[in-house]
Amino acid sequence: MKKIIIACDSFKGSLGSEEVGVAASKGVRMADDSIETRVVAVADGGEGTVDALVRGLDGHYASCTVGGPLGDPVGARYGISGDGSTAIMEMAQASGLTLIPECRRNPLYTSTFGTGQMIADALGRGCTTILMGIGGSATNDGGMGLLSALGVRFFDEGGSELTPCGESLEKIAAIDLSGMDSRARTATFRIACDVDNPLYGPDGAACVFGPQKGADAEAVECLDRGLRNYARIVEKTTGRDVAAMPGAGAAGGLGACFAAFFRSTLEPGIELMLNAIRFDDIIADADLIITGEGRLDTQTVHGKTPYGVLCAGRRQGIPVVAIGGAVTAYAELAAAGFRAVFPVVPGPCTLAEAMDAATARR
């Protein structure tokens, strides 16, 4: 064996993706220092995605002050690729649930306006492609706020302009695109979206995710009615029927917004990640791939980072081994095609001990 690629997701609460990879690489060299190793930071659209892509694309960081979910100013950080063409974002930086105290959470009043401002900032720096993870949102505004920040206006039946928030969705009678930022019209958006929920209905944005964002039963009904109205007006305005599109309900309807108003694709997070860093080229001459995440279980084979890495390896006939802080569902993991699966803990220990960074690294 001459070369091993190590591409693990973070062990959440313990080690970042890069830290896991470096520790595994050290272990390989302890066993045989003649083996070449390469650590590749990866993630599936959630925590750590921006950092992993910035490393993979030789990029740097930018920041701007935007309006948070309730309009309070927040600092939003995102990445820019080494060639300056691509912005790498997490919408949660501007419109995330963790930006609001639990007592103030209510998706009737939250807005994605700050996410639109973050996009505008990147466009102003010359970026023409936006890679964005849309998990962790505090919002259910269908992207009204994002669009408003980019020059789109929404009106009710009386011709009054609406405030962009979830409560306004059922009042929309017309959408004016004439003032939309021309740079946003021509930019390419690649959206990391790992849910397939439609825009509205029992499996839609409001009913499934609204309660997690602070909506009570009455608010959920209001938001669902609003998204139904929004879908009608969007189709009337753009000619695009996005209501039942898989992923339309992601981030409170932000998936539908990107599909209807932008040159965009909704992609599973790990596929977007691996394609962006040209992972197939990276592993082309490898003899083995080591991947992993904090917990390997039945969810792993449904689009998580290790499964995406496994699929890449299988396409080229490269064996893939998985490591995890905790491991369950051995049969499912073996059936998926992992050559071997190992827990990293050396023996019985408490969860707190296992998640200690020094212990996990060792």
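Conventions we followed
- Residues numbered from 1 in each chain as written.
- Predicted model: local features only at pLDDT ≥ 70, side-chain atom pairs only at ≥ 80, totals over all residues.
- Heavy atoms only, no water.
- Salt bridge = Lys/Arg side-chain N within 4 Å of Asp/Glu carboxyl O.
- Helix = DSSP H or I, 4+ residues; strand = E, 2+ residues; numbered from the N terminus.
- Buried < 20%, exposed > 50% of the residue type's maximum accessible area, 1.4 Å probe, protein only.

Visitor: Teacher, can you tell me more about the pattern of salt bridges here?
Guide: Side-chain pairing between opposite charges can occur once the charged atoms of the two side chains come close. Throughout the structure, instances matching the rule amount to 13 salt bridges. The closest approach of N and O atoms between R361 and E19, which form a salt bridge, is 3.3 Å. Within this pair, whereas R361 is found in helix α15 (residues 357–361), its partner E19 is found in helix α1 (residues 17–31), the two being separated by 342 residues in sequence. Residue R361 is classed as partly exposed on the basis of its relative accessible area of 39%. Residue classification places E19 among the partly exposed positions, given a relative accessible area of 37%. R190 is the salt-bridge partner of E267, the closest N and O atoms lying 2.9 Å from each other. Separated by 77 residues along the polypeptide, E267 in strand β10 (residues 263–267) and R190 in strand β9 (residues 188–192) bring together distant segments of the chain. What makes R190 partly exposed here is its relative accessible area of 21%.

Visitor: Got a minute to help me understand unusual backbone geometry in this structure?
Guide: As a rule of thumb, non-glycine residues mostly have phi less than zero, and peptide bonds are mostly trans rather than cis. Of note in the backbone geometry, R278 takes a positive phi value of approximately 55° without being a glycine. Along the chain, R278 turns up in the loop between α10 (269–276) and α11 (279–282). Residue classification places R278 among the exposed residues on the basis of a relative accessible area of 60%. Of note in this structure, A329 is not a glycine but carries a positive phi near 55°. Counting through the fold element by element, A329 comes out in the loop between β12 (320–327) and α13 (330–336).

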